[in-house]
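As a plain string of letters, each chain reads:
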Amino acid sequence: VEYKNQWYLFYHHNDYSPKFDKNRAVRVDSLSFNADGSINKVIPTLRGVGVSSALKNIEVDRYSALSEKGTSIALIDTVNTFKGWKTILQTKASWVKYNTVDFGNSKLKTVQVQASAAKPGIVEIRLGSPEGLLLAEVNIPAGSGMAPASAKLKKYEKGIKNLVVVQKGENPVEIDWVKFSN
């Protein structure tokens, strides 16, 4: 479908019911084209389309890309599935990317990560790619459940950017959401 000069691909998958193949969830991703008019390969994401505000919870489990190794998505609570999903960064340098975040025009000062770790961990908040501009390093304390951890931003760029969360330490970290504030 073409809408406001952007093409979109709609399809479905059983993401929310992997053990019962009859339930389907709608997915949508943007299409892009080569100079010769051929369609670039669409890599299915859980992110979909749209612009997310940096000032609201960014559910990184709705990713636009994952590292090839060391990153997975799982239910926060397998008994109470309504608690939603989490991203698990299991190994050093594993990452998750969430595209099209609006960082606005006013300087943001802090980032908050709702996360858990069995042993203390560190995640980097970056722009664009796993090696992109480092906004902050967030220390995730050891604990038994999801809790907020905050850090001051070292850098800031306004506008719409892609957000990347990278596992810096050796200890696995589970992330529910990321949010910025000024």
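Nothing here was measured: the structure is a model prediction, and the numbers come from that model.

A. Examining the pairing of strand 14 (residues 173–181) more closely. Judged from the three bridges that link them, strand 7 (residues 85–89) and strand 14 form a sheet pairing that is antiparallel. From the neighbouring strand, Leu 89 faces strand 14, where its bridge partner is Val 173.

B. Summary view of the packing of aromatic side chains. Tallied over the full model, the rule gives one aromatic pair. Here the aromatic rings of Phe 103 and Phe 180 are separated by 5.1 Å at their centres, their planes lie at 70°, and the arrangement is edge-to-face. A residue pair is termed long-range when its members are at least 10 positions apart, and Phe 103 in the loop between strand 8 (95–102) and strand 9 (110–116) and Phe 180 in strand 14 qualify at 77 residues. You can call Phe 103 buried: its relative accessible area is 4%.

C. Highlighting the nonpolar core. Phe 103, Ile 125, Ile 175 and Phe 180 are the most contacted members of the largest nonpolar core, which has 32 residues in total. Where this core is concerned, the elements lending two or more residues are strand 8, strand 9, strand 10 (121–127), strand 11 (134–140), strand 12 (147–152), strand 13 (160–167) and strand 14. If sequence neighbours within four positions are ignored, Ile 175 has contacts with Val 60, Lys 86, Thr 87, Leu 89, Val 113, Gln 114, Ala 115, Val 123, Met 146 and Val 165.

D. Up close: the sheet that holds strand 3 (residues 25–31). If you walk across this open sheet you meet the three strands as 1-2-3, and the pairing is antiparallel. In this open sheet, the two strands that pair with only one neighbour each are strand 1 (2–3) and strand 3.

E. The arrangement of the pairing of strand 8 in detail. Where strand 4 (residues 52–53) meets strand 8, two bridges bridge the pair, whose relative direction is parallel. Paired with Ser 52 across the strands is Val 101, a residue of strand 8. Inspection of the sheet shows strand 5 (residues 65–66) paired to strand 8 by two bridges, in the antiparallel sense. Across the sheet, residue Ala 65 finds its bridge partner in strand 8, namely Lys 97. By the bridge criterion, six bridges tie strand 8 to strand 13 in an arrangement that is antiparallel. Residue Val 96 lies in a different strand from strand 13, and its bridge partner there is Val 165.

So, how was this worked out
- Residues numbered from 1 in each chain as written.
- Predicted model: local features only at pLDDT ≥ 70, side-chain atom pairs only at ≥ 80, totals over all residues.
- Heavy atoms only, no water.
- Pairing = 2+ DSSP bridges.
- Helix = DSSP H or I, 4+ residues; strand = E, 2+ residues; numbered from the N terminus.
- Phe/Tyr/Trp six-rings, centres within 6.5 Å; stacked < 30°, edge-to-face > 60°.
- Buried < 20%, exposed > 50% of the residue type's maximum accessible area, 1.4 Å probe, protein only.
- Core = buried A, V, L, I, M, F, W, Y, C linked by side-chain atoms within 4.5 Å.
- Contact = heavy atoms within 4.5 Å.

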